[in-house]
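Architecture and fold: a report
Residues per chain, in single letters:
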Amino acid sequence: VAKTDGKRTWRLYRDELHQEMIRRLEMRSALVEAVPGDQMRLRYQPIVDLPTGEMIGLEALVRWQHPLRGLLGPNEFIELSEENGSVVAIGGWVLREALETFAGWRAAPGGGSLKYISVNVSARQFRAPGFVDQVREVLAETGARPEWLLLEITESLVLHDADQVWADLRELRAMGIRIAIDDFGTGYSSLSYLSQMPVDVLKIDKSFIDDILHSAQQMALVETIVSLARTLELNVVAEGIELDGHRAALAAMGCPYGQGYLFSKPVTADEIGARLGISTTGTTVTPSSK
Ligand code: C2E
Ligand code: MG
Ligand code: MG
Ligand code: MG
C-alpha cells in the first residue's frame, strides 16, 4: 500500500513539475510579445515626506496584463524577463511611460508639488549596451528634466562589474539624474564601499521596517542605517510602512521619507491625477467636497 501511495505522490509531483515547466516556457515566449502587444501597465505608489505626510514623489511599478492570466505583478515575471532578455524592452517601455506621465503631471496646475518619479532598473537592463544613451533620449523625447528622475538599482549591481557600472552611474549623475539603492540592507555592501558608491538615496527594505515595533534590535538597526545615511549625506526612504507606529518611530528617528500601504497602495495614473486635482484630459478640476 505504502509503495503505491509513494508512486502516486511521485506522479503528482512529476505532473506538477511538468506543468510548472510548461507555464514558465509559455510565460517566457509571451513576455517577448508583451511590449509590442501593449500589455504592460504602470501603477504609481506615493513617496511621502514623513513629518508632514505630503506626497513628494512616486515610484512606478510595472504590471503585466497577460492575455489569459489577468494582471500579474512583477514578482511573477521580472525574473523570467531577466532570463530571456525581454526585461530590456520592458524596462525601456517603463522608463518612457513613467517619464511621459510624470511630465504631464508636472505641466498641469497642481502637479508642481511632485518632485520626482522613481523607476526600477534591473541589472540586465542597466548593463545592456546603450542604456545611458537611451535614458538621455527618453528625457529629450518626453521633455522630462533629469532632476525629476530617480533610478532604483540593486546593491548587487553596484557591487559587481564595478568599473563599467560605476562609470555609467557617474555619467547619469553628471546629467542630473539621481540614483537610489533599492532594498538596501539585503545585500552585502561594506561600509567603506558604501561611502564611495556613486549614489544619492538609500531605500530601506520593508523587511527591516516590519519588526521595528516589536524588536528593539530591529529598531536600533534601522536607526543605524538612518544615521549612516546622514553621515554619508545620502537621502533615505523607508519602504513598507504599514502602521502609524512605523511612521511615528521613523519620523522620530529623523528618517525623512517613506512609502507604504499606510499612505497608499500603488494606484493607477488616473487615480494619482485625481488626487492632484488633474482630470485625465489634463485640465484642472475644481475640488468639490473632498
Ligand atoms: P520594490 O522596488 O522594492 O517595490 C516595492 C514593492 O513593495 C512593490 O511591490 C510595492 O507594491 C510593495 N509595497 C509597497 N508598500 C508596501 C507595504 O506597505 N506593504 C507591503 N506588503 N508591500 C508594499 P510590487 O509592485 O509587487 O513590486 C515588486 C518588485 O518588483 C519591486 O520591489 C521591484 O524590485 C520590482 N519591480 C517593480 N516594477 C519594476 C520595473 O518596472 N522594472 C524592474 N526591473 N523591476 C520592477
Ligand atoms: Mg523599487
Ligand atoms: Mg524596494
Ligand atoms: Mg523591497
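For the structure itself, consult the block above.
The text that follows walks through the structure, step by step, so that each part is easy to find. No experiment lies behind these values; they were computed from the predicted model shown.

Cut-offs used in this document
Residues numbered from 1 in each chain as written. Chains lettered and ligands numbered in written order. Predicted model: local features only at pLDDT ≥ 70, side-chain atom pairs only at ≥ 80, totals over all residues. Heavy atoms only, no water. Helix = DSSP H or I, 4+ residues; strand = E, 2+ residues; numbered from the N terminus. Rg over C-alpha atoms; globule rule 2.2 N^0.38 Å. Buried < 20%, exposed > 50% of the residue type's maximum accessible area, 1.4 Å probe, protein only. Contact = heavy atoms within 4.5 Å. Areas by Shrake-Rupley, 256 points an atom, 1.4 Å probe, with all protein chains shown as cover. Donors = N, O, S within 2.8 Å, 3.2 Å for Na, K, Ca; no water. Core = buried A, V, L, I, M, F, W, Y, C linked by side-chain atoms within 4.5 Å. Polar contact = N/O pair within 3.5 Å; in protein donor to acceptor, adjacent residues only side chain to side chain. Phe/Tyr/Trp six-rings, centres within 6.5 Å; stacked < 30°, edge-to-face > 60°. Axes fitted to C-alpha atoms, helices over the stretch in contact; angles between N-to-C directions. Parallel < 35°, antiparallel > 145°, perpendicular 65-115°, else oblique. Left-handed = near helix turned anticlockwise from the far one by under 90°. Nonpolar A, V, L, I, M, F, W, Y, C, P; charged D, E, K, R; others polar. Salt bridge = Lys/Arg side-chain N within 4 Å of Asp/Glu carboxyl O.

Let's talk about the overall build of the protein chain
Secondary structure assignment for the protein chain yields 12 helices and nine strands. For 290 residues, the compact-globule estimate of 2.2 N^0.38 gives 19 Å, and the protein chain sits close to it at 21 Å. Counting only C-alpha atoms, the protein chain reaches 70 × 50 × 50 Å along its principal axes. Counting over 290 residues, the protein chain shows a buried share of 43%. Residue pairs at least 24 apart in sequence account for 66% of intrachain contacts in the protein chain once pairs closer than 6 positions are excluded. Counting every atom, the protein chain has about 15,000 Å² of accessible surface; 53% of that belongs to carbon and sulfur.

A look at the coordination of the magnesium ion (ligand 2)
Protein coordination at the magnesium ion (ligand 2) comes from E59 (OE), N120 (OD1), E152 (OE) and D182 (OD), with a distance range of 2.0 to 2.3 Å. Distance-wise, the magnesium ion (ligand 3) is placed 3.7 Å from the magnesium ion (ligand 2), both being coordinated by D182. Of the two residues, E59 is situated in strand β2 (residues 55–66) and E152 in strand β5 (residues 149–154); the sequence distance between them amounts to 93 residues. A single burial state applies to E59 and to E152, both of which are buried.

Regarding the nonpolar core
One finds L151, L172 and L250 to be the most contacted residues of the largest nonpolar core, which totals 78 residues. Looking at which element gives the most residues to this core, the answer is helix α3 (residues 87–107), with nine residues. Residues contacting L172, with those up to four places away along its chain left out, are F126, F131, V132, V135, L151, I177 and I179.

A word on the side chain of S118
Positionally, S118 belongs in strand β4 (residues 116–120). A relative accessible area of 0% means that S118 is categorised as buried. A distance of 2.7 Å separates polar atoms of two side chains, one belonging to S118 and the other to E152. Setting aside chain neighbours within four positions, we find S118 in contact with I47, L58, E59, A60, L150 and E152.

Brief notes about the packing of aromatic side chains
All chains considered together, the criterion is met by six aromatic pairs. Judged by centre distance (5.8 Å) and plane angle (65°), the rings of F102 and W148 are edge-to-face. On the criterion of sequence distance, the pair formed by F102 in helix α3 and W148 in the loop between α5 (131–142) and β5 is long-range, its members being 46 residues apart. On the numbers, 5.1 Å between centres and 40° between planes, the contact of F126 with F131 is tilted.

Some words on the packing of α5 against helix α7 (residues 162–174)
Direction vectors running N to C along α5 and α7 enclose 15°, while the axes themselves pass 10 Å from each other. In terms of axis orientation, α5 runs roughly parallel to α7. In terms of crossing hand, the pair formed by α5 and α7 is right-handed. Facing F131, V132, V135 and R136 of α5, the residues of α7 in contact are D168, E171 and L172. Grouping the constituent residues of the contact of α5 with α7 by class yields four nonpolar, no polar and three charged.

Re the pattern of salt bridges
Enumeration according to the criterion identifies 17 salt bridges in this entry. A salt bridge links E20 to R24; the nearest nitrogen and oxygen atoms lie 3.8 Å apart. Of this pair, E20 and R24 are both found in helix α1 (residues 2–34), four residues apart, which corresponds to roughly one turn of the helix. For R24, a relative accessible area of 28% gives the class partly exposed. Of the charged contacts in the structure, one is a salt bridge between R28 and E83, with a shortest N-O distance of 2.5 Å. Residue R28 is found in helix α1, and its partner E83 is found in helix α2 (residues 78–84); the two are separated by 55 residues along the sequence.

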